[in-house]
Amino acid sequence: QVQLVEFGGGLVQAGGSLRVSCAVSGRTFSRYTMGWFRQAPGKEREFVAGISWSGGSTNYADSVKGRFTIAGDNAKNTVYLQMNSLKPEDTAVYYCAAGPLSNRVSGTGYDYDYWGQGTQVTVSS
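Residues numbered from 1 in each chain as written. Predicted model: local features only at pLDDT ≥ 70, side-chain atom pairs only at ≥ 80, totals over all residues. Heavy atoms only, no water.

Novice: Explain the overall build of the protein here, please?
Specialist: For the protein, the count of helices and strands is zero helices and 11 strands. Its helices and strands taken in sequence order, the protein reads β-β-β-β-β-β-β-β-β-β-β from the N to the C terminus. Its C-alpha atoms give the protein a radius of gyration of 13 Å, within 12% of the compact-globule value 14 Å for 125 residues. Here the C-alpha coordinates of the protein stretch approximately 40 × 25 × 25 Å along the principal axes. Per-residue burial for the protein yields a buried fraction of 43% across its 125 residues. Within the protein, counting contacts between residues at least 6 apart in sequence, those at least 24 apart form 61% of the total. Carbon and sulfur atoms make up 46% of the accessible area of the protein, which amounts to about 6200 Å² in all. A distance of 5 Å separates the average location of the 11 positive side-chain charges in the protein from that of its 9 negative side-chain charges. (Helix = DSSP H or I, 4+ residues; strand = E, 2+ residues; numbered from the N terminus. Rg over C-alpha atoms; globule rule 2.2 N^0.38 Å. Buried < 20%, exposed > 50% of the residue type's maximum accessible area, 1.4 Å probe, protein only. Contact = heavy atoms within 4.5 Å. Areas by Shrake-Rupley, 256 points an atom, 1.4 Å probe, with all protein chains shown as cover. Lys, Arg positive; Asp, Glu negative; His and termini not counted. Charge placed at Lys NZ, Arg CZ, Asp CG, Glu CD.)

Novice: Honestly, the pattern of salt bridges in this entry has me stumped. Any pointers?
Specialist: As a working rule, side chains carrying opposite charge can pair if their charged atoms are close by. Scanning the entire structure with this criterion turns up four salt bridges. Glu 46 is the salt-bridge partner of Arg 38, the closest N and O atoms lying 2.6 Å from each other. Using a relative accessible area of 36% as the deciding quantity, one classes Glu 46 as partly exposed. When the shortest N-O distance is used, the salt bridge between Asp 90 and Arg 38 registers 2.9 Å. Here Asp 90 is found in the loop between strand S8 (78–83) and strand S9 (92–100), whereas its partner Arg 38 is found in strand S4 (residues 32–39), with 52 residues between them in sequence. Like Asp 90, the residue Arg 38 is buried in the burial classification. Linked through salt bridges whose partners overlap, the residues forming this network are Arg 38, Glu 46, Arg 67 and Asp 90. (Salt bridge = Lys/Arg side-chain N within 4 Å of Asp/Glu carboxyl O.)

Novice: Help me out: how do you make sense of the packing of aromatic side chains in this one?
Specialist: Each aromatic ring pair is characterised by the separation of its centres together with the angle its planes make. Overall, the coordinates contain five aromatic pairs when judged by the stated rule. An angle of 65 degrees between the planes, with centres 6.4 Å apart, marks the rings of Tyr 112 and Trp 115 as edge-to-face. Taken together, the ring pairs in this structure connect Phe 37, Phe 47, Tyr 112 and Trp 115 into an aromatic cluster. Here Arg 19 stacks its cationic end above the ring of Tyr 80, 4.1 Å away from the centre of that ring. Lying across the ring of Phe 37, Arg 45 places its NZ or CZ 5.7 Å from the centre. (Phe/Tyr/Trp six-rings, centres within 6.5 Å; stacked < 30°, edge-to-face > 60°. Lys NZ or Arg CZ within 6 Å of the ring centre and 35° of its normal.)

Have a look at this one:
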């Protein structure tokens with residue numbers, strides 16, 4: 001069993017930066033494909049970024065390419081999402097997810113088996 005706990009969300013002004021973290025317990029995260037998803041009020045959950053240590057591939061939503069970076073720290077068993085140049089439309093609850101290790105990073109939530117409880121990110125204009 002894998003447990004995921006997100007933290008680091010908060011309130012930031014547009015143009016600012018924020019890093020959210022996902023602490024993984026139960027298994028080492030490098031055994032999984034790790035993803036970040038987000039859900040804004042009244043909207044469907046959407047894929048943000050993902051990383052697979054099988055080949056080191058990453059995948060980003062078009063809306064965050066060039067602004068967000070996903071990375072992991074093996075020593076801390078933690079996955080990070082560094083968010084720069086934040087926009088009000090990035091406001092959402094951000095969720096960490098873990099799925100089977102694969103060479104391809106899926107952008108579909110159904111491909112992920114474990115989910116965290118989410119952390120709120122609010123970007124003010």
